[in-house]
Amino acid sequence: ARSCSLRPCRARGGAPVLRGGLLTMTPRTAIRNAFAALLTGLPSTGTRVFQSRTRPLAAAELPAILVFSGEATGEADNVCSPRPDLMRYQLRADILVKDSTGIEALADQILFEIFTAVFASSTANTLSGQVCGIRLLQIGEPDLDDTLEKPALRLPVLFETTYSTT
């Protein structure tokens, strides 16, 4: 059994997901979908979780979370192998809040809800059956845009997963 630095792998491998002999999605897509599903239903954002970097949002759709891919890097156990054995894949969850008062307090509350969902859930430890584990990489600098009708805050949160390709 393979192990990784985060948790024991329970992975099906990094091959594309097959159902009934048909290719349905790549591991990155499956992991991103599972991550977005894990964040859907939080008390502050409800179903307002979107898999997009630039989805234009109306005021009624805020607060919200945008989920998208970051960089991916591979590690090979065997120098002669052209294919990496483990992939490290970054997921980003941007918290979007639009309000005139309490903007940072609401962003912090959503951040707390994300942490609770990700780190208290056994589902998060094996997102889509592909992932060895998940860890927090960085909470970015909040970006405040006060040129809009009401101030909008974007708080980036970066996670890293590791999955097996073998």
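Just so you know, these numbers come straight off a predicted model, no measurement behind them. Within each chain, residue numbers correspond to sequence positions counted from 1 in written order. Selection of residues for local features in this predicted model requires a pLDDT of at least 70, selection of side-chain atom pairs for listing and counting requires 80 or more, and totals for whole chains, interfaces and linings are taken over all residues. Computation of side-chain values covers all heavy atoms of the structure but excludes hydrogens and water.

Colleague: I'm lost on the overall build of the chain in this one. Help?
Modeller: In this text, helices come from DSSP runs of H or I with a minimum length of four residues, and strands from runs of E with a minimum of two, each type numbered from the N-terminal end. Counting its secondary structure elements, the chain contains three helices and eight strands. Helices (α) and strands (β) of the chain occur, in sequence order from the N terminus, as β-β-α-β-β-β-α-α-β-β-β. Burial statistics for the chain: of 166 residues in total, 43% are counted as buried. Here a residue-residue contact requires only that any non-hydrogen atoms of the pair lie within 4.5 Å. Long-range contacts, defined as pairs at least 24 residues apart, comprise 62% of the intrachain contacts of the chain with a sequence gap of at least 6. Each residue's exposure class comes from its accessible area (1.4 Å probe, protein chains only) as a fraction of the maximum for that residue type: buried when under 20%, exposed when over 50%, partly exposed otherwise.

Colleague: Mind showing me how you'd approach the packing of aromatic side chains here?
Modeller: The relation between two aromatic rings is expressed through the spacing of the ring centres and the mutual angle of the planes. Think of it this way: a Phe, Tyr or Trp ring, Trp meaning its six-membered ring, pairs with another when their centres are within 6.5 Å, and the plane angle makes it stacked under 30 degrees, edge-to-face over 60, tilted otherwise. Within this structure, the stated rule accounts for three aromatic pairs. Look at phenylalanine 119 and phenylalanine 159: their rings are 6.1 Å apart centre to centre, the planes differ by 50 degrees, and that puts the pair in the tilted class. One end of the pair, phenylalanine 119, is in helix H2 (residues 103–119); the other, phenylalanine 159, is in strand E8 (residues 152–164), with 40 residues separating them in the sequence. Of the residues examined, phenylalanine 119 reaches a relative accessible area of 41% and is grouped as partly exposed. One aromatic cluster in this structure is built from Phe35, Phe115, Phe119 and Phe159.

Colleague: Honestly, the packing of helix H1 (residues 27–39) against H2 in this entry has me stumped. Any pointers?
Modeller: To describe two helices that pack against each other, one gives the angle between their axes and the distance between the axes. Relative orientation of the contacting elements H1 and H2 amounts to 120 degrees, with a least axis distance of 9 Å. Between H1 and H2, the interaxial angle falls into the category oblique. Note that H1 runs across H2; the crossing there is right-handed. Residues Phe35, Leu38 and Leu39 of H1 form the contact with H2, whose participating residues are Ile114, Ala117 and Val118. Nonpolar residues are Ala, Val, Leu, Ile, Met, Phe, Trp, Tyr, Cys and Pro. Charged residues are Asp, Glu, Lys and Arg, and all others, Gly as well, are polar. Counted by class, the contact of H1 with H2 contains six nonpolar, no polar and no charged residues. Each axis is a line fitted through C-alpha atoms, taken for helices only over the stretch in contact, and angles between the N-to-C directions span 0 to 180 degrees. Here the angle decides the label: under 35 degrees means roughly parallel, over 145 means roughly antiparallel, 65 to 115 means roughly perpendicular, and every other value means oblique. A clockwise turn of the near helix away from the far one marks a right-handed crossing, whereas an anticlockwise turn of less than a right angle marks a left-handed crossing.

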